[in-house]
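Understanding the architecture of this molecule
So the chains spell out like this:
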Amino acid sequence: SWAYKWLLSIREMYGGKVVAPKNAIQEGIHTLRKGESVIFIDQAYTRSKYCYPLFGFPATASSSPALIAYKTNSPM
């Protein structure tokens, strides 16, 4: 759709790179090892065992960003 293409163009305008979820971990590790920054965004991550209340609603989270930061000795 036009909205997705517009959003993608904004994300990539200043050198950002959108990666498919199935490649995100490998790409993230590779990018961090090159000394570049990574932003992980989880949208509708419903299968996480980490669930905490946020503004009165259950919010799930992923441990992947913390594990990748640990594995690559990168700050979070």
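So, a few notes on the structure that sits alongside this text. (Residues numbered from 1 in each chain as written. Predicted model: local features only at pLDDT ≥ 70, side-chain atom pairs only at ≥ 80, totals over all residues. Heavy atoms only, no water.)

So, the pattern of salt bridges
Here is the rule we go by: Here a salt bridge means any side-chain nitrogen of Lys or Arg lying within 4 Å of a carboxyl oxygen belonging to Asp or Glu.
Under the counting rule described, the total for this entry stands at 1 salt bridge. For Glu-36, the salt bridge identified is with Lys-34, shortest N-O distance 3.8 Å.

Here we look at unusual backbone geometry
Formally: Here a helix means four or more residues in a row that DSSP labels H or I, a strand means two or more in a row labelled E, and each is numbered from the N terminus. Note on classification: 1.4 Å probe, protein chains only; a residue is buried when its accessible area is under 20% of the maximum for its type, exposed when over 50%, partly exposed between these limits.
The phi angle at Phe-55 is positive, at roughly 55°, despite the residue not being glycine. Examined against the element boundaries, Phe-55 turns out to sit in the loop between strand E1 (50-54) and strand E2 (57-61). Overall, Phe-55 belongs to the exposed group, its relative accessible area being 77%. Unlike most non-glycine residues, Asn-73 shows phi in positive territory, near 55°.

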